[in-house]
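Survey of secondary and tertiary structure
Spelled out, the chains give:
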Amino acid sequence: MVKTGDSEVEERPKWDNKVQYLLTCIGFAVGLGNVWRFPYLCQIYGGGAFLIPYLIALVFEGLPLLYLELAIGQRLRMGSIGVWNSISPFLGGLGIASMFVSFLVGIFYNTILAWVLWYFFHSFQNPLPWSQCPLNDNLTAYNTECVESTPVNYFWYRQTLNITPDIDINGSLQWWMVICLATAWCVVYICFIRGIETIGKAVYVTATFPYLVLTIFLIRALTLPGATDGLVYLFTPNWEILKNPQVWLDAATQIFFSLSVAFGGLIAFSSYNSEKNNCERDAVLVGVINSATSIYASIPIFSILGFKANSNYNSCIKSNILALTNQFDIGEQNITVENYDNWLDHWNGSYPSEVAGLKLRTCNLQTFLDQSASGTGLAFIVFTEAVIEMPGSQVWAVLFFVMLFSLGLSSMFGNIEGILTPLNDLNLLPKWIPNELVTALVCLASFLMALIFTMGSGNYWLEVFNSYVGSVPLLIIAFFEIVGVIYIHGMKKFSDDIYLMTGKRPNIFWKACWMVISPLMLLVVLIAYVVIQAQNQPTYSAWNPQFVDFPESETKSYPDWVFAIIVLLSVLPVISIPLVALYRLIRYGTRRRSSTRSNPNPYINNSYEIEREEPNKPQSAQGSKERC
């Protein structure tokens, strides 16, 4: 930053070029959810049919909010706290709420990157460590927990997380996870050490590399056996599912969280633009690319899921064939996967009791395709299991985890920017402290708080943060944002601001969305989400080797003290909105009363004062005058 000669006002940093800005916004919006959340929703909600509510939510909720944030940040050239204080002092709590949410999301989001690093470091081994069970302590047999589950599950739950069977049992810090977490925060700090100057360079890699990897995976995945089954499953719509209100609710929340609005990061990024910039085009471009990426990522993901389902189906058939050939003393070459059904029908008709006694597995391709997983389950269990079956599995594992790290890192840039820029707006820190030190302190504080996720119960706590910090608080912030700009700042003023920046006023579509459609959709989604959550007792899935149905996860209810923390995480980030408004209202009332008492009464003579010149002072241009 430099100072102008006359005003001595600090000039705001600017992007080197427009490409840096767009890549940063795209990198912030396109994150891990595009790869592991969107395909999951398509899988459970009727394949291609889910795209209808998703695209409706994009057009009427996502894009208007994205446009509003980019426009208001660019016009006022401040971070989230400065922006909302400028619009109205009563809205100052919005910026604090966005900063708080960005901080809480950042500490658990970077923990996921630590897990990605752990898998990345192990992806160079041959064979991959999650492809086979380790020996037990006596070196006499394979580990029992691994044999009862799978090598992939064992590597994730035991060797990576060393998970406890209950959230009440914290366990100790896992030193390997602490090292990976520290490494992840060091990478974030190095990329962010000089603010937009360094992240503007980093996004050339972090925002573009995932598309290269997705394209490589797409080409490879389409050649895998069973890929067609996965794609047919993805694009075959189930129109009946659209009658389920939950589909529309999940579509609205997915597009909302996917675009990363209400975090404050987009406002901060757009504030580094020049004032004359077409923010409408930027919003549409970022929103469309984000959604197109979700659809594009679904194709290789479902191709690989189809390959995995096909492999599991064939393994299931072959295990049944082995049991049948042993029972009926028939050569293995006589029964194949293709003619298995004919042989099974023959033996069921001739020897029904013998076949029933074999307890053959039920092998159905559709069942294997229906086995859905999202989030860490998709990345660290389903996908890693599929990679084992692919030739050159180490290469594909390395590429996959580098892609995930790039996606997560570019999203972390927005979270950190959503913290640092409001901190500067608040002027809490002395000006002599360098920005590099402030960034280091924020990263250090985040790392120390994130140590809770490296304990044995860390995965349970990450799910708590993921489910409740990034849901209700963001919906509340976004609702007040749109109300603040359109109904407090004023639609006319906002329209004039956009005209000043772009040379044209927003059309009737944008105005209708901002004034009616978007706030109404946000309100409906917020109320529906709260009602659904209130009706269901919060539960979590525990990995418990002592569970009767192990390796199935044990569903447990959260203890009362954890439920209290859940309520706190949902309320605490946005409590600043009413508190700041109340504080400003009280101060406003106090000032009015004090100004009323200090005003002179025109009907009392001693209320008048006469200003007299001091003898040694030169007379002002207006001369002395009486107040009367």
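Check the entry above for the structure.
Attention here is on the structure that accompanies the text.

The rules behind the values
Residues numbered from 1 in each chain as written. Predicted model: local features only at pLDDT ≥ 70, side-chain atom pairs only at ≥ 80, totals over all residues. Heavy atoms only, no water. Helix = DSSP H or I, 4+ residues; strand = E, 2+ residues; numbered from the N terminus. Buried < 20%, exposed > 50% of the residue type's maximum accessible area, 1.4 Å probe, protein only. Contact = heavy atoms within 4.5 Å. Areas by Shrake-Rupley, 256 points an atom, 1.4 Å probe, with all protein chains shown as cover. Salt bridge = Lys/Arg side-chain N within 4 Å of Asp/Glu carboxyl O. Phe/Tyr/Trp six-rings, centres within 6.5 Å; stacked < 30°, edge-to-face > 60°. Lys NZ or Arg CZ within 6 Å of the ring centre and 35° of its normal. 1 Å grid on protein atoms, 1.4 Å probe; cavity = no way out; pocket = protein on both sides within 12 Å on 5 of 7 lines; lining within 4 Å. Points joined across faces, edges and corners; volume = space filled by probe spheres on them.

Across its full length, the protein holds 26 helices and 2 strands. Principal-axis analysis of the C-alpha atoms gives the protein an extent of 125 × 55 × 45 Å. Sorting the 628 residues of the protein into buried and exposed places 52% on the buried side. For the protein, the share of sequence-separated contacts (at least 6 apart) that also reach a separation of at least 24 residues comes to 80%. Accessible surface computed for the protein: about 29,200 Å², of which carbon and sulfur atoms make up 60%.

Under the defined criterion, the tally for this structure stands at 13 salt bridges. A salt bridge links Asp 166 to Lys 556, with the nearest nitrogen and oxygen atoms 3.0 Å apart. Of this pair, Asp 166 sits in the loop between helix H8 (151-160) and helix H9 (175-192) while Lys 556 sits in strand S2 (residues 554-557), and the two are 390 residues apart along the sequence. Lys 504 is paired through a salt bridge with Glu 280; the nearest N and O atoms lie 3.7 Å apart. Taken together, the residues Lys 504 in the loop between helix H23 (472-502) and helix H24 (508-535) and Glu 280 in helix H15 (residues 279-328) connect sequence positions 224 residues apart. Overall, the relative accessible area of 42% leaves Lys 504 in the partly exposed class. With a relative accessible area of 14%, Glu 280 lands in the buried category.

On to the packing of aromatic side chains. Scanning the entire structure with this criterion turns up 47 aromatic pairs. Here the aromatic rings of Tyr 45 and Phe 50 are separated by 6.0 Å at their centres, their planes lie at 25°, and the arrangement is stacked. For the residue pair Tyr 45 and Phe 50, the accessibility class agrees, reading buried in each case. Ring plane angle 55° and centroid distance 6.4 Å describe the contact between Phe 192 and Phe 413, whose orientation is recorded as tilted. Residue Phe 192 is located in helix H9, and its partner Phe 413 is located in helix H20 (residues 393-426); the two are separated by 221 residues in the primary sequence. Assessed through its relative accessible area of 2%, Phe 192 is described here as buried. Look at Phe 413 and you get buried, because its relative accessible area is 0%. Here Arg 505 stacks its cationic end above the ring of Tyr 499, 4.7 Å away from the centre of that ring.

Here the focus is empty space enclosed by the protein. Taken as a whole, this structure holds 4 cavities of 30 Å³ or more when the rule is applied. Put simply, the largest cavity is a space of about 50 Å³. Around the largest cavity sit Phe 38, Cys 42, Gly 47, Gly 48, Leu 51, Leu 234, Phe 235, Ile 295 and Ser 298, which together line it. When residues of the lining of the largest cavity are traced back to their parent elements, those giving at least two are helix H3 (38-44), helix H12 (227-235) and H15.

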